[in-house]
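# Structural overview
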Amino acid sequence: MGPPSSSGFYVSRAVALLLAGLAAALLLALAVLASLYGHCARVPPSELRDRGAPGAAPSLPGRQEPTSQPGPTPEPDVAATRRNWRPPGPWDQLRLPPWLLPLHYELELWPRLRPDDLSASALRFTGRVNITVRCTAATARLLLHSLFLDCESAEVRGPLSPDAREATAGRVSVVELWFAVDMQYLVLELGEALQPGSLYELQLSFSGPVSQDTREGLFLNLYTDQGERRALLASQMEPTFARNVFPCFDEPALKATFNITIIHHPRYVALSNMPKLSQSEKEDVNGSKWTVTTFHTTPHMPTYLAAFVICDYEHISRTERGKEIRIWARKDAIADGNADFALNITGPIFSFLEDLFNISYPLPKTDIIALPTFDNRAMENWGLLIFDESLLLLQPHDKLTEKKIMISYIVSHEIGHQWFGNLVTMNWWNNIWLNEGFASYFEFGIINHFNPRLPRNEIFFSNILHGVLREDHALVSRAVSMKVENFTETNEINELFDLFTYNKGASLARMLSSFLNEKIFISALKSYLETFSYSNAEQDDLWRHFQMAIDDQSEILLPATVKSIMDSWTHQSGFPVITLNVSTGVMKQEPFYLGKVKNQTLLTHNDTWIIPILWIKNGTTQSLVWLDKSSKVFPEMQISDSDHDWVILNLNMTGYYRVNYDKLGWKKLNQQLEKDPKAIPVIHRLQLVDDAFSLSKNDYIEIETALDLTKYLAEEDEIIVWHAVLMNLVTRDLVSDGNNHDIYPLLKKYLLKRLMSIWNTYSTIIRENVAALQEDYLALISLEKVFGTACWLGLEDCLQLSRELFRNWMNHPENEIPNPIKNVILCYGIALGNDKEWDFLLKIYNNNTKEEERIQLAYAMSCSKDPWILNRYMDYAITVSPFTFNETNVIEAVAASEVGRYVAKDFLINNWQAVSERYGTQSLVTLLYVIGRTISTDLQILELQQFCSNMLEEHQRLTVQAKLQTIKNENLKNKERSARIAAWLRKNT
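As the structure is a computational prediction, the values presented were derived from the model and not from experiment.

Bringing the overall build of the protein into the picture now. Along its length, the protein carries 30 helices and 31 strands. The buried share among the 989 residues of the protein stands at 57%. Taking contacts inside the protein between residues at least 6 apart in sequence as the whole, the part at least 24 apart equals 73%.

In structure tokens form, the structure reads like this:
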């Protein structure tokens, strides 16, 4: 017996016996646990959400919570030992601990999809994965990613002998397994620590649900082909959905090789990243036969590129430089030739990029598959590219849309990823722009290589630059490249796939190329891609290779290192406004804000950019200069009021900034436009309009300065410039606001006088030779706005053309309305017609199965000016035929027009409950915003609040009140702007 306790604590004999009994029971429990060390109880994640990780949430935001079918009640085993609380640990961190390095996955998946049973509401799959890992730090705890998966068993084999793994491998006991749900981890507690430097194999069996509502992980598509209902399975792993399909180390830097096996019904074909290696047959417990397809080993790649498809599709193929390319699609689509265009462009794009970078595409084949439903996106999986069919398939007769060019750009983007993303991958998601920005940038180089007549700068502006400049500003919440420590939740990774990653990333790559030159730019990228092939890179790695290319030559001199220059753009939000005073030559920079504040010290954007200034003077390109401080003097940019010089900064809009001038600078440009607009290149006429209207809207210049630039428009024959002017002048609010009676007649007189030349050009083409438009991409994307404005302004020839084309289509359906103006013609055909035209369109709608066209028709039917037709339409949507018009909220569509706003409001009074049941209670809130879009007084807000008081819950009423107040304030500001526009129009009409 030991020494007595210093506290003098006394234990009676009865208590001692009780304690001895408890100790014996504890030892027995530990012995049972030791005997069950490798067993993982079948406890679905749904049961672990409140007892796994500390502070585990009851559900995952934005994620489907599938209902799992638990197995039989487990015996007393590891499930019984789970604690309800875990101390803080690595499972609380978004990044995996660096203890294990995955080297290879042996993955088998068995989805239970059968072609004769498509009604299963809870389709599931089973799987097994053996992951070979190298231990880099001693640890008795393993973390993998896993979400929505049920674990059947878990074992750890090793240490493995590099020469004879099977013969010499031991086993490491798995004492406990649990889920840290917040960070989506599967945690294995081991009986002993793994040894640094040794190899181990993690063996896991699992099952999970096939997603039917989202395109994440392994998901289901139901579709119709050859008149039959069919199904397919496909995968989407990027960015963090591989963990929904199999337990894995789901981070982009943890690359490994994969051997993939898919078990599927014999009537289906299975596709994966690599070519098929072998096929065999197996029977399930019911005697049903299944096909086992095994694929060749992949190169080293991240989990987000693993891809699988199980489908009943046909394909067409060709060989490019000895490697097979196959396009897979619905059998109907293949038979109709809809995949031919994609097949014809894919091989040459691969060859072009191989030659450009001098790096061969490393996989032996490429499969590209068109899914009926993929949320209008595409994915670059190595060897198995997946597209929404609307982005890949082209009907052979579909020549009068921008779709041909759009498909070319998207296919180019995804093939570009085979180098930027697949071959070289960013180290973590904070630099996803290295993938998406460069793939987006090279879209344009690829397409211009094959279509050199396309106006490259104007298309880049329209497709990329315009949209992101409209959304970006100094107080936007994020930069292109983020610090890793800024991320705390998985859903923050998903949010990175936005306009800034793609469009701003592409714009910064283009700017970098412009202030270097194409030779240096491509040389640096070649070096970067060669160095980091099959590996990962940081943004700084890219800058280092650009710096190496700069240091190897003497032609290009920079004011700072490439890293310093580019970090000033990628590490801070927003972009600068450059202001040039042409009288003094002083140039300054300041952050662009949505609504410039006079007391700028209230704002907290103190950094400056290192800005490349490419510029022209009197149409001649000048030497590159740099604005690397808040202000600087450039004497060569000075001009006087007496001469005829003019200066434009930002040559070809390659810089990611807006440009402002002093009054003399704007005056000189306006004079040149009126004297000889063609002396200013198209891209700069586009730039002047876009910059001036944006700067005036946000209080950097007066609106009159922007309007002065439109005086010359009678001489403007480039439709893309007209498109920019009309997008800024004829806004949606102006068109749908009946209170614009003051400005409308002035605008009508001013614009129609200048619009006639461009109208006559394109209306003649529409009437006489519409096929001529098929190669004019800028016209295809601009015509709708130009024609819509002409009809809105009451141009009789536009209204007459709308009647002609609509009635011709009614009487002879084979005479289709030209697609670029189809929305305009459908709308004005209904607005100028009566119930005969409306009933015809309804019939077309009911017989149409294409969602995109049904949406187009549904909106067109809301263009009627007859209240009784609009009332019938809304009634039809919610009561007579509640199972149609699922693609469109008909009440919202009606309320969007000026006539419809009042009709919809009256309709809601008696039918708000039916509307709520049909479209949901949130639709009532949205409807009130649409109906109240023109309010400008507190009395109007009060009237709307009283109107909706019985319809909404208390929290919804508060939300509506706040939103209506915001709308009112915006409208008051717009009224001031409109009044100034009206005054200017009176003076200049």
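Attention shifts here to the nonpolar core. With 325 residues, the main nonpolar core has Phe 246, Trp 419 and Leu 649 as its most contacted residues. Per-element tally for this core: the top contributor is helix α19 (residues 743-768), with 11 residues. Setting aside residues up to four positions removed in sequence, Trp 419 forms contacts with Phe 350, Leu 353, Glu 354, Phe 357, Ile 359, Tyr 361, Val 424 and Leu 529.

Turning next to helix α12 (residues 539-551). Across its 13 residues, α12 extends 19 Å between first and last C-alpha, which sits within 8% of the 18 Å expected from 1.5 Å per residue. Of all the positions in α12, only Gln 539, Asp 541, Leu 542, Trp 543, His 545, Phe 546, Gln 547, Ala 549 and Ile 550 are classed as buried. The secondary structure elements touched by the buried residues of α12 are α7 (433-450), α10 (499-515), α11 (518-531), β22 (535-537) and α13 (562-570).

Let us look at empty space enclosed by the protein. Considering all chains together, one arrives at 8 cavities of 30 Å³ or more under this definition. Lining the second largest cavity are Glu 320, Arg 321, Lys 323, Glu 324, Ile 325, Phe 350, Ser 351, Glu 354, Tyr 361, Lys 365 and Thr 366. Elements that contribute at least two residues to the lining of the second largest cavity include exactly β17 (323-329), α5 (340-357) and β18 (365-371). Taken together, the residues that form the lining of the second largest cavity break down as 3 nonpolar, 2 polar and 6 charged.

What the second largest pocket holds in volume is close to 1100 Å³. Looking at the lining of the second largest pocket, the elements that each hand over two or more residues are β19 (378-379), α6 (403-416), α7, α8 (456-471), α10, α15 (682-697), α17 (719-729) and α20 (777-792). Top contributing element to the lining of the second largest pocket by residue count: α8, with 6 residues. Considered class by class, the residues forming the lining of the second largest pocket number 19 nonpolar, 12 polar and 9 charged.

How two aromatic rings sit relative to each other is given by the distance of their centres and the angle of their planes. This model, assessed by the stated rule, comprises 43 aromatic pairs. An angle of 55° between the planes, with centres 5.1 Å apart, marks the rings of Tyr 304 and Trp 429 as tilted. Placement of the pair is Tyr 304 in the loop between β14 (289-295) and β15 (308-311) and Trp 429 in the loop between β21 (424-426) and α7, with a sequence separation of 125 residues. Since its relative accessible area comes to 1%, Trp 429 is described here as buried. Pairing Phe 806 with Trp 809 gives two aromatic rings, centres 5.8 Å apart and planes at 80°, and the pair type is edge-to-face. Here Phe 806 pairs with Trp 809, and both are found in helix α21 (residues 796-811), just 3 residues apart, close to one helical turn. Judged by relative accessible area, Trp 809 falls into the buried class, the value being 8%. Above the plane of the ring of Tyr 845 lies Arg 854, whose end atom (NZ or CZ) is 4.1 Å from the centre. One cation-aromatic arrangement involves Lys 963 over Tyr 929; the distance from NZ or CZ to the ring centre is 5.8 Å.

Before going further, it helps to examine the side chain of Ser 408. By secondary structure assignment, the location of Ser 408 is in helix α6. On the basis of relative accessibility, which here comes to 7%, the residue Ser 408 falls in the buried class. Once you skip the residues sitting within four places of it in the chain, Ser 408 turns out to touch Phe 341, Ile 345 and Ile 447.

By secondary structure assignment, the location of Val 468 is in helix α8. Considering only alpha carbons, one finds Val 468 and Lys 504, 36 residues apart in sequence, at a separation of 6.4 Å. Those residues in contact with Val 468 that lie beyond four places of it in its chain are Leu 499, Phe 500, Asn 503, Lys 504, Ser 507 and Tyr 656.

We now examine the state of the cysteines. Applying the stated criterion across every chain, the model contains 2 disulfides. Note that Cys 791 is cross-linked by a disulfide to Cys 798, the S-S spacing being 2.0 Å. Given an S-S torsion of about -90°, the disulfide between Cys 791 and Cys 798 has left-handed geometry. Disulfide partner of Cys 827: Cys 863, at an S-S distance of 2.0 Å. Its S-S torsion of approximately -105° makes the covalent link between Cys 827 and Cys 863 left-handed. A residue pair is termed long-range when its members are at least 10 positions apart, and Cys 827 in helix α22 (residues 822-831) and Cys 863 in the loop between α24 (851-861) and α25 (867-880) qualify at 36 residues.

As annotated in UniProt, the feature "binding site: Zn(2+)" (unreviewed entry) corresponds to His 413, His 417 and Glu 436 in the numbering used here. Across 24 residues in sequence, these annotated residues keep their C-alpha atoms within 8.4 Å of one another, forming a single compact spot. The annotated residues contributing to the lining of the second largest pocket are His 413, His 417 and Glu 436. With respect to the helices and strands, His 413 occurs in helix α6.

So, on to the sheet that holds strand β7 (residues 185-194). On the basis of which strands lie adjacent, the open sheet formed by 3 strands has the order β3-β7-β6 and antiparallel pairing. For this open sheet the edge positions go to β3 (139-145) and β6 (174-180), each flanked by a neighbour on one side alone. The mean inter-strand angle of the sheet, taken between neighbouring strand axes irrespective of direction, is 25°. In terms of strand pairing, β6 meets β7 through 6 bridges, oriented antiparallel. Bridge pairing links Phe 179 to Leu 186 in β7.

Procedures and definitions
- Residues numbered from 1 in each chain as written.
- Predicted model: local features only at pLDDT ≥ 70, side-chain atom pairs only at ≥ 80, totals over all residues.
- Heavy atoms only, no water.
- Helix = DSSP H or I, 4+ residues; strand = E, 2+ residues; numbered from the N terminus.
- Buried < 20%, exposed > 50% of the residue type's maximum accessible area, 1.4 Å probe, protein only.
- Contact = heavy atoms within 4.5 Å.
- Core = buried A, V, L, I, M, F, W, Y, C linked by side-chain atoms within 4.5 Å.
- Expected span 1.5 Å × (residues − 1).
- 1 Å grid on protein atoms, 1.4 Å probe; cavity = no way out; pocket = protein on both sides within 12 Å on 5 of 7 lines; lining within 4 Å.
- Points joined across faces, edges and corners; volume = space filled by probe spheres on them.
- Nonpolar A, V, L, I, M, F, W, Y, C, P; charged D, E, K, R; others polar.
- Phe/Tyr/Trp six-rings, centres within 6.5 Å; stacked < 30°, edge-to-face > 60°.
- Lys NZ or Arg CZ within 6 Å of the ring centre and 35° of its normal.
- Disulfide = S-S within 2.5 Å.
- UniProt positions renumbered as here; feature names shortened; annotations may be inferred.
- Pairing = 2+ DSSP bridges.
- Axes fitted to C-alpha atoms, helices over the stretch in contact; angles between N-to-C directions.

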